[in-house]
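Descriptive structure summary
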Amino acid sequence: MPSFFLAWRYLWTHPGQSTVMVLGVTIAFYLPLVNHQLVDEFDRTIGARAASTPLVIGPKGSRFDLVLHGLYFRARNNGNVPYGEYNKLKQLEIGEVIPVHSKFTSQGYPVVGTRKNYFHFRNRKIRQGKAMQIHGDCELGATVATKLGLRPGDTLLTDRENLFDLAGEYPLKLNITAVLAPSGTADDTTVFVSLETAWIIEGIWHGHDPSLDHNGTSPKLIKKHLEITEENADSFHSHEDSETFPLTAVLIRPESKKAQALLLADYEDHPSIQALKSPVVMDELMGMILRIRDFLDAHHSLVTLAMGALLALIVALTRRLRTRELETLTLLGCRKGLQWTIQITEMTIVLGAALICAFGLTYLTIQFAASYLLVMAG
Amino acid sequence: MDISLNQVEFAYGDEDFRLQIPELKLAAGSHTAFVGPSGSGKTTLLRLLAGITQPQSGAIQIGDYSLQSLSDANRRAFRIKHIGFVFQDFRLIEYLNVQENLRLSYRVNEALNLTTEVNTRLKSLANELQLTDKLDATIDTLSQGELQRAAIGRALLPKPKLILADEPTGNLDPSNKSRILDLLFAHAAANHATLVMVTHDHALLNRFEQVVDFEEFHKKESTNA
């Protein structure tokens, strides 16, 4: 293998030039590779979550917003679904029906009010602690617990909606009872509470704290937040009709296609509520992402083409710089064919090293960066 | 190898230079020095003898080989098998160390087998050339004298039958010149090789059996040196 030996020796003794070539080609390979892998992973992950939640019911408006809200608790809903609508759906016995209330945040993470069947629905397990028992309890997603350094027994304040609205809702001190096992989904970045707790944060439910007036506000502004304890937990209640309590979405997994079709038909002409097939909506969204990917692919093709041209130029210039060396090889009896083979081997080594680097970097990106990026998608 | 040139003419395309050799004979195993001013054609004649360049006309016979009748591939094979060329400017490969440079002919030619015997000979030759400590050194760390000796080592390792040396003592001090000449003569004698050496050093000429003065050669235009 004289060609490999000489090619390797040349590259080894010109580390600067070799490194620049390998890095350049690595980038040309890495960008389209990681782009494809990430989008594929994104597609697979959001597809799986959408498939496990076939129907999302919520207020009329943007279809994308509703599905993203129902599945990932991210987009904000303008409008509510009355709790009575949820009760009506439950009584139909058409499958699993999960209420979602997601209007508030804590340390920037969404606070989601739901029922215990959500955890069964998503197959979420508790890693540490025990399930929430009373109003004011919460269960943290794994990422929230890690990022905020919290564990069961600690407390967490909800974020105030408007810092200057002194008459508005007070932050609620949440008691952390459990940390969920990591799932690689949006649930990892969510603070789960009961629906009643969510309604307390919203000010629909209230308790009677000695230091607070009947409306849950302090006339002397002594208390900066609400706190639910075992002593006052039973005092929390609402004077409004529970059928009107707000939800932001209802997730449904119908027991049959027929049930799904009937449900979709029921909401077809509803004046304020819409029922959406989340896989269809997510496919539409994914279609947009894929179009962006196609654009990036075209862009990367140009980059790769430019890199190829640059490499060809390097080879051509290197041959000129190495005229004397190649002439020496000729004088020593080396065939022209072998001289070309040496240079082709050099390029092959560079391409091989670049491919290994590109695949390695792509793997690392998918392993580490993707887990961060895809939490939202899951 | 006996060498004979007959009516050889060579010219570079766009230059005034013209080499004309009506007749020249060098006996097998002889030691010949080429002397003369720069540009008189000494190196050109070495390249013609090595089959690196071809004359426009005339015949060059080396041993049983008639160079003008050989194809390019056969001339290359002839050069690999029989010629050891010491270049004036060393022509060592900068990204190889000394021993890799010495072995280079074996690396790039399938006709030469890199055997254990060759490696043993390499070590012995390095010892003779006082390069043992430099075998793993890179080319850019060598002195001029060491570069010269490495270039000689590369030419001698395949035990050529015709040693063509273009000013191999040009960068050496007097004691090293003498040692290198001894080495070249000894290797030529051991392999019954013909030695042709270009030199500007007239003090060395008395060691050669035959001296070809290119200045005189050109004056006479067509006489044998």
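Residues numbered from 1 in each chain as written. Chains lettered and ligands numbered in written order. Predicted model: local features only at pLDDT ≥ 70, side-chain atom pairs only at ≥ 80, totals over all residues.

The next thing to look at is the overall build of chain B. A count of helical and extended segments in chain B gives eight helices and nine strands. In terms of overall dimensions, chain B is globule-like: its C-alpha atoms have a radius of gyration of 17 Å, near the 17 Å expected for 225 residues. When its C-alpha atoms are laid out on the principal axes, chain B stretches across 50 × 40 × 35 Å. (Helix = DSSP H or I, 4+ residues; strand = E, 2+ residues; numbered from the N terminus. Rg over C-alpha atoms; globule rule 2.2 N^0.38 Å.)

Another aspect to go through is the overall build of chain A. A count of helical and extended segments in chain A gives eleven helices and 13 strands. For chain A, the C-alpha radius of gyration of 30 Å lies well beyond 21 Å, the compact-globule estimate for 378 residues. Taken along its principal axes, the extent of the C-alpha atoms in chain A is 100 × 50 × 35 Å. A buried classification covers 35% of the 378 residues belonging to chain A. Intrachain contacts of chain A at a sequence separation of at least 6 include 77% that bridge at least 24 residues. (Buried ≥ 20, exposed ≤ 12 C-beta atoms within 10 Å, placed from the backbone. Contact = placed C-beta atoms within 7 Å.)

Glancing now at the sheet that holds strand β2 (residues 18–26) of chain B. Residues and elements named next belong to chain B. With respect to topology, four strands assemble into an open sheet ordered β2-β1-β4-β5, the strand pairing being antiparallel. Each end of this open sheet is capped by a strand with a single partner; those strands are β2 and β5 (65–66). Of the strand pairs in this sheet, strand β1 (residues 3–11) and strand β4 (residues 57–62) are connected by five bridges, and their pairing is antiparallel. From the neighbouring strand, I3 faces β4, where its bridge partner is I62. (Pairing = 2+ DSSP bridges.)

What follows is about the nonpolar core. In this structure, B:F34, B:L49, B:A151, B:I163, B:L164 and B:V196 are the most contacted members of the largest nonpolar core, which totals 63 residues. Other than its neighbours up to four places away in sequence, B:L49 contacts B:I3, B:I60, B:I62, B:L164 and B:V196. If you look at the next biggest cluster of nonpolar residues, it comprises 61 residues, including A:I46, A:V97, A:V111 and A:M282. (Core = buried A, V, L, I, M, F, W, Y, C linked by C-beta atoms within 7 Å.)

Before going further, it helps to examine the sheet that holds strand β3 (residues 31–35) of chain B. Residues and elements named next belong to chain B. Spatially, five strands are ordered β6-β7-β8-β3-β9 in an open sheet, and the strand pairing comes out parallel. Two strands close off the open sheet at either side, each with one partner strand: β6 (83–86) and β9 (210–213). Here the average twist between neighbouring strands, direction ignored, is 15°. (Axes fitted to C-alpha atoms, helices over the stretch in contact; angles between N-to-C directions.)

This brings us to the interface of chain A and chain B. If you look at the interface, chain A gives 14 residues, while chain B gives 14 residues. Within the residue set of the side of chain A that touches chain B, elements represented by two or more residues are α1 (2–12) and α10 (323–331) of chain A. Counting residues per element, the side of chain A that touches chain B draws most heavily on α1(A), at five residues. Tallied by class, the residues present in the side of chain A that touches chain B amount to nine nonpolar, three polar and two charged. (Nonpolar A, V, L, I, M, F, W, Y, C, P; charged D, E, K, R; others polar.)

Attention shifts here to the pairing of strand β8 (residues 194–198) of chain B. Along any regular strand, the residues point their side chains to alternate faces of the sheet. Residue and element names in this part refer to chain B. Within β8, five of the five residues are buried, leaving the element largely enclosed by the surrounding structure. Along β8, one buried face is formed by T194, V196 and V198 and the opposite face, lined by L195 and M197, is buried too. Pairing between strand β7 (residues 162–166) and β8: five bridges, direction parallel. When the sheet's bridge partners are listed, D166 is paired in β8 with V198. With helix α7 (residues 174–190) bridging β7 and the parallel β8, this β-α-β connection has right-handed handedness. (Right-handed = clockwise from strand over helix to strand, strands pointing away.)

This part is about the environment of A:K116. All names here are of chain A. With respect to the helices, strands and loops of the structure, K116 is situated in the loop between β4 (109–114) and α5 (117–121). We classify K116 as partly exposed; it has 13 C-beta atoms within 10 Å. Through-space distance from the C-alpha of K116 to that of I98 is 9.0 Å; in sequence the pair is 18 residues apart.

What follows deals with the confidence of the model for chain A. All names here are of chain A. When pLDDT is averaged across chain A, the result is 86; 91% of the residues are at 70 or more. When pLDDT is averaged over each helix and strand of chain A, the minimum, 79, is found for strand β10 (residues 226–227) and the maximum, 96, for strand β9 (residues 191–194). Low pLDDT, under 50, characterises residues 219–223; the stretch is placed with five contacts to residues that sit more than four places away or in other chains. (pLDDT = per-residue confidence, 0-100.)

Take the packing of helix α3 (residues 63–72) of chain A against helix α9 (residues 278–321) of chain A next. Residue and element names in this part refer to chain A. Viewed as axis vectors pointing N to C, α3 and α9 meet at an angle of 115°, and their least axial separation amounts to 10 Å. As far as their axial angle goes, α9 and α3 are roughly perpendicular. As α3 packs across α9, the resulting crossing turns out to be left-handed. Residue-level contacts link R63, F64, V67, G70 and L71 of α3 to S278, V281, M282 and L285 of α9. (Parallel < 35°, antiparallel > 145°, perpendicular 65-115°, else oblique. Left-handed = near helix turned anticlockwise from the far one by under 90°.)

Time to look at the packing of helix α2 (residues 15–52) of chain A against α9(A). Axis angle and axis distance: for two packed helices, these are the angle between their axes and the distance between the axes, and together they describe the pair. Residue and element names in this part refer to chain A. The interhelical angle for the contact between α2 and α9, taken along N-to-C directions, is 170°, at an axis separation of 9 Å. In terms of axis orientation, α2 runs roughly antiparallel to α9. Residue composition of the contact of α2 with α9, by class: 20 nonpolar, six polar and three charged.

Okay, the pairing of strand β8 (residues 172–180) of chain A next. Residue and element names in this part refer to chain A. Within β8, eight of the nine residues are buried, which leaves the element mostly enclosed by the surrounding structure. Relative to β8, strand β5 (residues 126–129) runs antiparallel, the two sharing three bridges. Within β8, the position partnered with Q128 by the bridge is V179. The sheet contact formed by strand β6 (residues 137–140) and β8 spans four bridges and is parallel. From the neighbouring strand, D137 faces β8, where its bridge partner is N175.

This brings us to helix α2 (residues 72–82) of chain B. Within the span of α2(B), buried status applies to B:R76, B:R79, B:I80 and B:H82. Those residues of α2(B) that are buried lie in contact with α1 (42–50), β6 and β7 of chain B.

Residue and element names in this part refer to chain B. Of the residues in chain B, 95% reach a pLDDT of 70 or more, and the chain-wide mean stands at 87. Looking over chain B, one finds the lowest element-wise mean pLDDT in helix α8 (residues 214–220), namely 59, and the highest in helix α3 (residues 98–102), namely 95. Contacts from residues 219–225, a stretch scored under 50 in pLDDT, to residues over four places away or in other chains number ten contacts.

Next up on the list: the environment of B:L122. Residues and elements named next belong to chain B. Following the sequence through the fold, L122 ends up in helix α5 (residues 116–128). Residue class for L122 comes out buried when judged on the 21 C-beta atoms lying within 10 Å of it. C-alpha of L122 to C-alpha of N176: the two residues are 54 residues apart in sequence and 20 Å apart in space.

A separate point is the environment of A:W8. Residues and elements named next belong to chain A. With respect to the secondary-structure elements, W8 resides in helix α1. For W8, a count of 16 C-beta atoms within 10 Å translates into the label partly exposed. When the C-alpha atoms of W8 and D187 are compared, they prove to be 51 Å apart, with 179 residues separating the residues in sequence.

This part takes up α7(B). All names here are of chain B. With 17 residues, α7 extends 24 Å between its outermost C-alpha atoms, agreeing within 8% with the 24 Å of an ideal straight helix rising 1.5 Å per residue. What α7 keeps buried is the set K177, I180, L181, L184, H187 and A188. Down the axis, α7 shows its buried residues gathered within 130° of arc, on one side only. Of the exposed residues in α7, those oriented more than 90 degrees away from the buried face are S175, D182, A186, A189 and A190. (Expected span 1.5 Å × (residues − 1). Arc of directions from axis to C-beta.)

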